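An overview of the molecular structure
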Amino acid sequence: MEKLEQIYEGKAKKVFKTDDENLYIVSYKDDATAFNGLKKGTIVGKGVINNKMSNMMMQLLEKHGVKTHYVKELSDRDTLVKKVSIVPLEVIIRNVSAGSFSKHYGVEEGIVFDEPTIEFSYKNDELGDPLLNAYHALALKLATKEEIETIKTMAFKVNEVLTEYFKGLNIRLVDFKLEFGRLPSGEIVLADEISPDTCRLWDLTTNEKLDKDRFRRDMGGVEDAYNEVMKRLTSK
Ligand code: TMP
Ligand code: ASP
C-alpha cells in the first residue's frame, strides 16, 4: 500500500490517503511539542518507537475485544489504519495523581487512586484543549449520548488491559490520553496512538519517569526513557 496525497499533518504524525478510500496511512515523526506547541523539539527515534508501541497496544486491545483503527504495520514509521473521523475529545484516564491533576487540585504526584478517573478535553488547539464534561460535549454536539457512553466504557476497558500489561513490564500506568474515531458505519473505534507521548509510565520499583514528561520538564534522558520502554515491550 502506498502513500498518496497527505491530508493532515499534526504535531507528531502525518496522515496520507491510499488507493483504498477506507484506509489511511499514518506516519510517525520524531517531532515533539508540549504546552500546546509552545515548546518544540526532537526526540531522536521517537517516531519508530511510538509506531511500534502503539501498534502492539492496539493489537493487544483487539485481543481483549476493544475495536481499534489498526490494520497493519507497513514500516518502521508507517501504519495502515482504518479511515475514521476523529471525535474531537481527548479522553484522559488517571490511576495516580500527576501532571495537570496535581496542579489543579494542589496535591503531590504519586497518590494512588482507589478508582480510576476519567476526564474529557475539547480537542481544539486554538482554545488550548479546554476541559469539559459530558454535558458540555453534548451541548457542543461533539458526540452523542450513546457515543459518550461507549467511549467511557472502552476507555476504562483500555485502562484495565494496559494497567495489567504494563505491570508485567514493571511499569506503572499513571495516566494516559485516548482519542476515538467514527468509522463510516458510525461505529466508534479507538484511534490515534498509545505511546510514551500520550501515557505517563513510571518504573514500578523506582518511580523513574519513562515518558514524555522528561521532555516537557527538561529532565534529560528523553531518548533513553523511550528506548527503555521499547526494550521492555520487546523483551517480553
Ligand atoms: P495532563 O496531566 O497534562 O493533563 O496529562 C494527562 C495525560 O495525557 C498524560 O499521560 C499526557 C497525556 N497528554 C497527551 O497525550 N496530550 C496532551 O496534549 C496532554 C496535555 C496530555
Ligand atoms: N502534544 C501536546 C502539545 O504540543 C502537549 C503534550 O503532550 O504535553 O501541545
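Before reading on, note that the structure itself is shown above.
Residue numbers here run from 1 along each chain, matching the order of that chain's written sequence. As they are written, the chains are lettered A onward and the ligands numbered 1 onward, keeping that order. Local features in this predicted model are restricted to residues whose pLDDT is 70 or higher, and side-chain atom pairs enter the listing and the counts only when it is 80 or higher, whereas totals over whole chains, interfaces and linings include all residues. Calculation of side-chain values draws on the structure's entire complement of heavy atoms; hydrogens and water are dropped beforehand.

1. Quick look at the overall build of the protein chain
- The number of helices and strands found in the protein chain is six helices and 14 strands.
- Its C-alpha atoms give the protein chain a radius of gyration of 17 Å, near enough to 18 Å, the size a compact globule of 236 residues would have.
- Here the C-alpha coordinates of the protein chain stretch approximately 50 × 40 × 35 Å along the principal axes.
- Two residues form a contact once any of their heavy atoms are found within 4.5 Å. Here the contacts in the protein chain between residues at least 6 apart in sequence split such that 57% fall between residues at least 24 apart. Secondary structure follows DSSP: runs of H or I at least 4 residues long count as helices, runs of E at least 2 residues long count as strands, and numbering of each begins at the N terminus. Here the globule rule is a power law, 2.2 Å times the number of residues to the power 0.38, and the radius of gyration is based on C-alpha atoms.

2. Some words on the side chain of Asp-78
- Inspection of the secondary structure assignment puts Asp-78 in strand S7 (residues 78–82).
- Only 3.0 Å separates the side chain of Asp-78 from the side chain of Lys-3, close enough to count as a polar contact.
- Beyond its immediate sequence surroundings of up to four residues, Asp-78 is in contact with Lys-3, Ile-25, Val-26, Ser-27, Asn-51 and Glu-73. Within 3.5 Å is the distance limit for a polar contact, defined as a pair of N or O atoms, with the added protein rule that one can donate a hydrogen and the other accept it, and that residues adjacent in sequence qualify only through two side-chain atoms.

3. Quick notes on the nonpolar core
- Leu-162, Phe-166, Leu-178, Phe-180, Ile-194 and Leu-201 are the most contacted members of the largest nonpolar core, which totals 49 residues.
- Among the elements that take part in this core, helix H4 (residues 145–167) stands out by supplying nine residues, more than any other.
- Apart from the residues lying within four places of it in its own chain, the contact partners of Ile-194 are Met-53, Ser-54, Met-57, Met-58, Leu-61, Leu-162, Leu-178 and Cys-199.
- Ranked by size, the runner-up nonpolar core spans five residues in total, among them Val-15, Tyr-24, Val-26 and Val-81. We call a set of buried Ala, Val, Leu, Ile, Met, Phe, Trp, Tyr and Cys residues a nonpolar core when their side-chain atoms join them within 4.5 Å. We call a residue buried when its accessible area falls under 20% of the maximum for its residue type, exposed when it is over 50%, and partly exposed in between, using a 1.4 Å probe and counting protein chains only.

4. Some words on the site of ligand 2
- A cutoff of 4 Å decides nearness: a residue is near a molecule or strand if any of its heavy atoms lies inside that distance of it. Neighbouring ligand 2 are the residues Lys-11, Thr-33, Ala-34, Phe-35, Asn-36, Gly-37, Lys-212 and Arg-216.
- Gly-37 places a polar main-chain atom, nitrogen or oxygen, 3.1 Å from an oxygen atom of ligand 2.
- Within the contact set of ligand 2, an oxygen atom lies 2.6 Å away from a side-chain nitrogen or oxygen of Arg-216.
- A total of 270 Å² of accessible area belongs to ligand 2 in isolation, and the protein chains cover 73% of it.
- Under the scheme applied here, ten amino acids are nonpolar (Ala, Val, Leu, Ile, Met, Phe, Trp, Tyr, Cys and Pro), four are charged (Asp, Glu, Lys and Arg), and all others, including Gly, are polar. Here the shell around ligand 2 is composed, by residue class, of two nonpolar, three polar and three charged. Accessibility throughout is a Shrake-Rupley quantity obtained with a 1.4 Å probe, and a residue counts as covered only by protein chains that appear here.

5. Considering helix H1 (residues 46–63)
- Here the expected length of a helix is defined as 1.5 Å per residue gap, with one fewer gap than residues. In a regular helix each residue adds 1.5 Å, so 18 residues correspond to 26 Å; H1 covers 26 Å between its end C-alpha atoms and thus fits that length.
- When H1 is considered as a whole, its buried residues turn out to be Lys-46, Gly-47, Ile-49, Asn-50, Asn-51, Met-53, Ser-54, Asn-55, Met-57, Met-58, Leu-60 and Leu-61.
- Within two residues after H1, Gly-65 carries a phi angle of roughly 90°, on the positive side.

6. As for the sheet that holds S7
- Two strands qualify as a pair provided that DSSP identifies no fewer than 2 bridges between them. The strand order across the open sheet formed by five strands is S1-S2-S3-S7-S6, and the pairing between neighbours is antiparallel. Two strands in the sheet have a free side with no partner beyond their single neighbour: strand S1 (6–9) and strand S6 (70–73). Going from strand to strand, the sheet's axes swing by 25° on average, the running direction of each strand aside.
- The pairing of S6 with S7 spans three bridges and is antiparallel. Within the sheet, the bridge partner assigned to Glu-73 lies in S7 and is Thr-79.
- Throughout, an axis means a line fitted to C-alpha atoms (over the contacting stretch in the case of helices), and angles, computed between N-to-C directions, take values from 0 to 180 degrees. In this fold H1 packs onto strand S3 (23–28), S6 and S7, with an angle of close to 135° to the strand it touches most, S6.

7. Topic: the environment of Leu-80
- By the secondary structure assignment, Leu-80 is in strand S7.
- On a C-alpha basis, the gap between Leu-80 and Asp-211 in space is 25 Å, while along the polypeptide they are 131 residues apart.
- In contact with Leu-80, not counting residues within four places along its chain, are Met-1, Thr-18, Leu-23, Tyr-24, Ile-25, His-69, Tyr-70, Val-71, Lys-72 and Leu-74.

8. What about helix H6 (residues 222–234)?
- For H6, which comprises 13 residues, the first-to-last C-alpha distance of 19 Å matches the rise-based estimate of 18 Å (1.5 Å per residue) to within 8%.
- All of the buried residues along H6 are Val-222, Ala-225, Tyr-226, Val-229, Met-230, Arg-232 and Leu-233. Buried residues along H6 cover an arc of 165° about the axis, so they all sit on one side. Across from the buried face of H6, at angles greater than 90 degrees, the exposed residues are Asp-224, Lys-231 and Thr-234.
- Close packing links the buried residues of H6 with H1, H4, strand S12 (171–182), strand S14 (199–203) and helix H5 (213–216). What the arc describes is the spread of directions from the helix axis to the C-beta atoms.

9. Side note on the pairing of strand S2 (residues 13–17)
- As defined by bridge partners, S1 adjoins S2 across three bridges and the pair is classed as antiparallel. Directly across from Tyr-8, in S2, lies its bridge partner Val-15.
- Counting the residues that bridge the hairpin from S1 to S2 gives three residues.
- Two strands pair when backbone bridges link them, and S2 and S3 are joined in this way by five bridges, in the antiparallel orientation. Each residue of the ladder has a partner; that of Val-15, found in S3, is Val-26.
- In this antiparallel pair of consecutive strands, S2 and S3, the connection spans five residues.

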